[in-house]
Amino acid sequence: MSTLENSIIRDIALAPEGHLKIDWASAHMPVLNRIREQFEQDLPFKGLKVTISLHLEAKTAYLAKVVKAGGADVTITGSNPLSTQDDICAALVEDGITVFAKYNPEPEEYKELLIKSLESKPDLIIDDGGDLVTILHTERPDLRENLRGGAEETTTGIIRLKAMEKEGTLSFPMVAVNDAYCKYLFDNRYGTGQSVFDGINRTTNLVVAGKTVVVVGYGWCGKGVAMRAKGLGANVVVTEVDAIKAVEAYMDGFTVLPMSEAAKVGELFITVTGNKDCIRAEHYEVMKNGAILSNAGHFDVEFNKPELAAMSTDIRTVRRNIEEYKLKDGRSIYVLAEGRLVNLAAGDGHPAEIMDTTFALQALGLRYVNEQYANIGKKVVNVPYELDEQVARFKLDSLNISIDKLTPEQVTYLDSWKEE
């Protein structure tokens, strides 16, 4: 059976545009290109099946091609129904990768596509948000019989994995790529910060300067969003549940308020917590007419849409990726991209140069778990520091930047407790 016959995509005729997008991304991913050269020589995944679930756009497509270059038989699916790009899916099929993904499928079909991607009984997985892992531990444990382990992309997925490990239900090792320095320091901060406003600005065509932007959560993603909002001229308010992060936001120059107060003054809300119901009915009740809600967390649960719908007399699409909720008192609240990841559902996601380092970690993390799965055990582990640093050094090389090295005397001094 051909790759096309074995895949489920929207339209193979879209492939030419997809190839152009992938070529553009790969031309701006020098670290991943260097790893591809290594993989083509070493073939670390020769004879293995790899299933990938990530936001299926150009940068992800190139990661899939790099894993394939390492000898793997690759199957890929989307990790969000609104971030899948049909032309990218078609291009990957032409490149010999099995694809089970479409833009905006029905919820039942979306779940079925995830399951189909696992029916090859993979040896390794790359997951985003823990959906593949959840399926392999609930509905289809039979599909994990060959599984050696995998790598997880995002904060939400790590939270789910660590809960499983704590319960003793995790059945294979997973590498927490999200927790690597070269992931959260750059991807979560600079990638999310830029791509969130790429999605918001392209969708709304409204100015940010002068608006009060409420950033819900001040983790690394929240730091990046707040920084970019400030740079665009917004008045930035931060809400937090963590006292230390709240102090940090204050010291960074932002106003810190509880959501009950922030809801009264905010004009644009951006949730980045990884938790549910951060914005609820009592907050909608005091929001300004015309308030805009957007989410940059993995799942569409950070603001409570059912409660907003229950308070509304009418819901209509007023512009692509913008739904207006007309409240009983005449106010309107707008929701972007159905509350899904605004930077991917309403944009192209993080810049290619950012995903270069993140996906380099994914590739190296996958190789690591394949080599060490028997020693790791059934737990969540961090990317080894030497791999994290290797990615940083490859990045510096691509920028023609050199840095200093410690002298032997300096190494001895740092390793000694004596003053001599």
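Per an unreviewed UniProt entry, the protein is named Adenosylhomocysteinase, and its organism is Paenibacillus glycanilyticus. Of the protein, the UniProt comment under Catalytic activity (unreviewed entry) reads exactly: "S-adenosyl-L-homocysteine + H2O = L-homocysteine + adenosine".

Across the sheet, seven strands lie side by side as β3-β2-β1-β4-β5-β6-β15; this open sheet has parallel pairing. On the outer flanks of this sheet lie β3 (98-100) and β15 (380-382), each paired with one strand and no other. On average, each strand axis in the sheet is tilted by 20° relative to the strand beside it, whichever way the strands run. Where strand β1 (residues 49-54) lies against strand β4 (residues 124-127), three bridges are found, and the strand directions are parallel. Bridged to Val50 within β4 is Leu124. Lying on the sheet, helix α6 (residues 107-118) is in contact with β1, β2 (73-78), β3 and β4; it crosses β2 at an angle near 165°.

Residues given the UniProt feature "binding site: substrate" (unreviewed entry) here are Asp128, Glu153, Lys183 and Asp187. These residues run over 60 residues, yet every pair of their C-alpha atoms falls within 14.1 Å of each other. Residue placement: Asp128 occurs in the loop between β4 and α7 (131-137). Excluding anything up to four places from it in sequence, Asp128 contacts Ser53, Leu54, His55, Ser79, Glu152, Glu153, Thr154 and His298.

The next subject is the sheet that holds strand β13 (residues 322-327). One open sheet accounts for eight strands, arranged β9-β8-β7-β10-β11-β14-β13-β12; its pairing is mixed. Sheet topology places β9 (255-256) and β12 (312-319) at the edges, where each strand pairs with a single neighbour. Pairing geometry for strand β7 (residues 212-216) and strand β10 (residues 268-271), over four bridges, is parallel. The residue bridging Val213 from the neighbouring strand is Leu268, located in β10. Contacts from helix α9 (residues 181-204) reach β10, β11 (291-295), β12, β13 and β14 (332-336) within the one sheet, and its direction differs from that of β10 by about 140°. Each of β7, β8 (235-239) and β10 is contacted by helix α10 (residues 220-231), which is oriented at about 170° to β7, the strand it contacts most.

Let us look at helix α3 (residues 30-42). Taking 1.5 Å of rise per residue, the 13 residues of α3 would be expected to cover 18 Å, and the 19 Å separating its terminal C-alpha atoms lies within 8% of that figure. Among the residues of α3, those classed as buried are Val31, Leu32, Ile35 and Phe39. Looking straight down α3, one finds its buried side chains confined to an arc of 85°; they lie on one side. Of the exposed residues in α3, those oriented more than 90 degrees away from the buried face are Glu37 and Gln41. Of the residues trailing α3, Leu43 is marked for its positive phi of about 45°.

Here the focus is the side chain of Ser332. Mapped onto the secondary structure, Ser332 falls in strand β14. In this structure the side chain of Ser332 is engaged in a polar contact, spanning 2.7 Å, whose partner is the side chain of Glu324. Discounting residues that sit within four places of it in the chain, Ser332 has contacts with Lys288, Asn289, Gly290, Ala291, Glu324, Tyr325 and Lys326.

Where charged atoms of side chains with opposite charge meet at close range, the side chains can pair. Considering all chains together, one arrives at 25 salt bridges under this definition. Between Arg10 and Asp86 there is a salt bridge whose closest N-O contact spans 3.5 Å. With Arg10 in the loop between α1 (3-6) and α2 (15-27) and Asp86 in helix α5 (residues 86-94), this residue pair connects regions lying 76 residues apart in the sequence. Where Glu324 meets Arg316, a salt bridge forms, and the shortest distance between an N and an O atom there is 2.5 Å. You can call Arg316 partly exposed: its relative accessible area is 47%.

It is worth spelling out the packing of α3 against helix α4 (residues 58-69) at this point. Where α3 meets α4, the axes come as close as 8 Å, and the angle between the chain directions of the two elements is 20°. It follows that α3 is roughly parallel to α4 by the angle criterion. Residues Leu32, Asn33, Arg36, Phe39 and Glu40 of α3 touch α4, and the partners they reach there are Tyr62, Leu63, Lys65, Val66 and Ala69. For the contact of α3 with α4, the residue count by class is six nonpolar, one polar and three charged.

As a further point, take the pairing of β14. The element β14 is largely enclosed, with a buried count of four among its five residues. In this sheet, β14 lies alongside β11 in parallel orientation, the contact comprising three bridges. Bridge assignment links Ile292 to a residue of β14, and that residue is Tyr334. Strand direction decides the pairing type here: β13 and β14, joined by five bridges, are antiparallel. Among the inter-strand pairings, Glu323 is bridged to a residue of β14, identified as Val335. Between β13 and β14, which pair antiparallel and follow one another directly, the connecting turn spans four residues, one of which, Gly330, has a positive phi of 100°.

Cut-off values and rules
- Residues numbered from 1 in each chain as written.
- Predicted model: local features only at pLDDT ≥ 70, side-chain atom pairs only at ≥ 80, totals over all residues.
- Heavy atoms only, no water.
- UniProt positions renumbered as here; feature names shortened; annotations may be inferred.
- Pairing = 2+ DSSP bridges.
- Helix = DSSP H or I, 4+ residues; strand = E, 2+ residues; numbered from the N terminus.
- Axes fitted to C-alpha atoms, helices over the stretch in contact; angles between N-to-C directions.
- Contact = heavy atoms within 4.5 Å.
- Expected span 1.5 Å × (residues − 1).
- Buried < 20%, exposed > 50% of the residue type's maximum accessible area, 1.4 Å probe, protein only.
- Arc of directions from axis to C-beta.
- Polar contact = N/O pair within 3.5 Å; in protein donor to acceptor, adjacent residues only side chain to side chain.
- Salt bridge = Lys/Arg side-chain N within 4 Å of Asp/Glu carboxyl O.
- Parallel < 35°, antiparallel > 145°, perpendicular 65-115°, else oblique.
- Nonpolar A, V, L, I, M, F, W, Y, C, P; charged D, E, K, R; others polar.

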